[in-house]
Amino acid sequence: MRIGIPTEVKNHEDRVALTPAGAHHLVRAGHDVLVQSGAGTGSHLSDAEFESAGARVVPTAEEVWGEAELVCKVKEPVASEYGFLREDLLLFAYLHLAADEACTRALLDAGTTSVAYETAQAADGSLPLLAPMSEVAGRMATQVGAWLLQRPAGGRGVLLGGVPGTRPGRVVVLGGGTAGRNAAEIAVGMRAEVTVVDLSLPVLRAVDQEFSGHVRTVVSSAYAIEREVLEADLVVGAVLVAGARAPRLVGDDLVARMRPGAVLVDVAVDQGGCFEGSRPTTHDDPTFAVHGTTFYCVANMPGAVPVTSTLALTSATLPYLAALADGGVAAVREDPVLRSGASTRRGTLLNEAVAEAHDLPW
Ligand code: NAD
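Here the structure is a predicted model, which is why all the values come from computation and not from measurement. (Residues numbered from 1 in each chain as written. Predicted model: local features only at pLDDT ≥ 70, side-chain atom pairs only at ≥ 80, totals over all residues. Heavy atoms only, no water.)

Chemist: Got a minute to help me understand the nonpolar core in this structure?
Modeler: The tendency in soluble globular proteins is for nonpolar side chains to be buried side by side. Residues I5, L26, V33, F92 and M301 are the most contacted members of the largest nonpolar core, which totals 71 residues. Taken domain by domain, this core gets at least three of its residues from each of domain 1 (2-111 + 307-358) and domain 2 (131-304). Grouped together as the second largest cluster of nonpolar side chains are 26 residues, A232, V250, A268 and F295 included. (Core = buried A, V, L, I, M, F, W, Y, C linked by side-chain atoms within 4.5 Å. Buried < 20%, exposed > 50% of the residue type's maximum accessible area, 1.4 Å probe, protein only. Domains from an automatic or database assignment.)

As structure tokens, then:
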């Protein structure tokens with residue numbers, strides 16, 4: 001199969017969907033790999049490395065999208081890419097369609113078959129293609145939050161770890177899944193006081209065990225969230241209902257009563273955000289103020305650390321990309337993980353949560 005790897009076009013999106021090692025694997029399996037010139041530059045992967053791995057490097061996005069039967073990307077197509085979508089194209093990427101009606105409609109109008117990384121689910125309920133980026137975003141969330149809490153950055157002026165004789169900063173993590181646990185891990189490492197809030201008792205039990213009691217665990221409810229958030233210096237929003245729009249857990253009225261200079265990092269903004277005031281921001285302009293607090297809502301956080309993220313992401317996606325390249329659409333039917341990621345096909349929506357989010361038939 002002809003597999004295309006375009007250069008990412010979102011703001012500060014320096015990841016690439018395939019490494020030279022991955023290209024080598026696919027070429028050895030008999031596939032033709034086209035990489036847009038410069039696609040790997042942001043991740044310090046040169047055209048020459050892709051070429052020596054057997055890929056064909058082509059100058060433009062038009063050539064990659066136009067020649068490829070299967071396009072593998074990191075992020076969902078943006079408006080400037082909608083014109084490349086077509087019916088005989090298989091697209092494999094993060095899509096986050098529940099938060100993106102325009103992209104949903106573009107895929108449906110073009111009749112493209114699309115498989116989303118973030119809804120591909122393994123038999124144990126885990127999300128193997130979302131997990132590596134949730135690990136990155138979760139760890140970054142605490143790092144970014146710690147920076148934004150500093151006074152010159154507009155924050156409260158709290159050092160998350162405190163020093164002897166002072167109280168450490170309070171971090172509240174909403175959602176104890178992959179992103180949430182990774183945020184908690186860095187916060188504990190910084191010696192903050194950490195609370196993880198989740199709906200699921202098994203998740204809270206796992207958090208309790210993992211951190212040997214160094215993290216407080218709280219069952220999620222509107223009441224509990226209000227109490228925790230009012231005491232917090234840093235709130236990390238990391239909840240997910242797979243495929244669906246994120247539940248709104250922190251209203252603007254609650255934010256208005258938070259500590260002045262507190263920071264809210266909405267990792268879940270790619271699924272629409274779990275704070276009422278959230279709107280997607282970019283790495284160029286990542287924050288905005290809401291009632292005296294700072295919101296950070298970058299929808300592609302891992303794009304800022306592409307050397308780490310590209311390797312982490314492609315290690316997870318390559319086996320599935322190889323299966324798609326070998327089997328085409330049949331692989332989507334046969335592999336339950338890929339089937340759960342299937343989002344659109346020939347103008348039909350295949351994901352109920354996305355249909356509900358946009359009031360579309362499925
Ligand atoms: P996950 O499925 O591993 O964990 C989500 C957790 O949220 C689960 O434990 C679930 O029980 C919990 N949850 C659901 N509803 C809840 C509620 N009402 N109250 C409390 N907890 C609730 O998901 P994940 O992989 O950690 O991903 C979390 C979010 O981070 C997703 O939206 C994902 O798309 C996003 N993400 C964002 C970026 C970014 O750059 N902004 C990068 C990677 C992942």
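Chemist: Please clarify how the sheet that holds strand β9 (residues 215-219) should be interpreted in this entry.
Modeler: Pairing between the strands of a sheet is mediated by backbone hydrogen bonds and can be parallel or antiparallel. Pairing is mixed across the open sheet formed by 7 strands, whose spatial order is β9-β8-β7-β10-β11-β13-β12. Of all the strands in the sheet, just β9 and β12 (287-290) have a single pairing partner and so form its edges. With direction set aside, neighbouring strand axes in the sheet form an average angle of 20°. Across the face of the sheet, helix α8 (residues 201-210) comes into contact with β8 (193-198) and β9 while running at roughly 175° to β9. (Pairing = 2+ DSSP bridges. Helix = DSSP H or I, 4+ residues; strand = E, 2+ residues; numbered from the N terminus. Axes fitted to C-alpha atoms, helices over the stretch in contact; angles between N-to-C directions. Contact = heavy atoms within 4.5 Å.)

Chemist: Help me out: how do you make sense of the site of the ligand in this one?
Modeler: Taken together, 28 residues lie near the ligand, and S134, A179, D198, D270 and M301 sit nearest. Within the contact set of the ligand, an oxygen atom lies 2.7 Å away from a backbone nitrogen or oxygen of A179. Residue D270 places a side-chain N or O atom 2.7 Å away from an oxygen atom belonging to the ligand. Taking 870 Å² as the accessible area of the ligand by itself, protein coverage stands at 90%. Sorting the residues of the shell around the ligand by element identifies α6 (131-148), α7 (178-189) and β8 as the ones contributing at least two each. Broken down by element, the shell around the ligand gets its largest block of residues, 3 residues, from α6. The residue inventory of the shell around the ligand, partitioned by class, reads 17 nonpolar, 9 polar and 2 charged. (Near = heavy atom within 4 Å. Polar contact = N/O pair within 3.5 Å; in protein donor to acceptor, adjacent residues only side chain to side chain. Areas by Shrake-Rupley, 256 points an atom, 1.4 Å probe, with all protein chains shown as cover. Nonpolar A, V, L, I, M, F, W, Y, C, P; charged D, E, K, R; others polar.)

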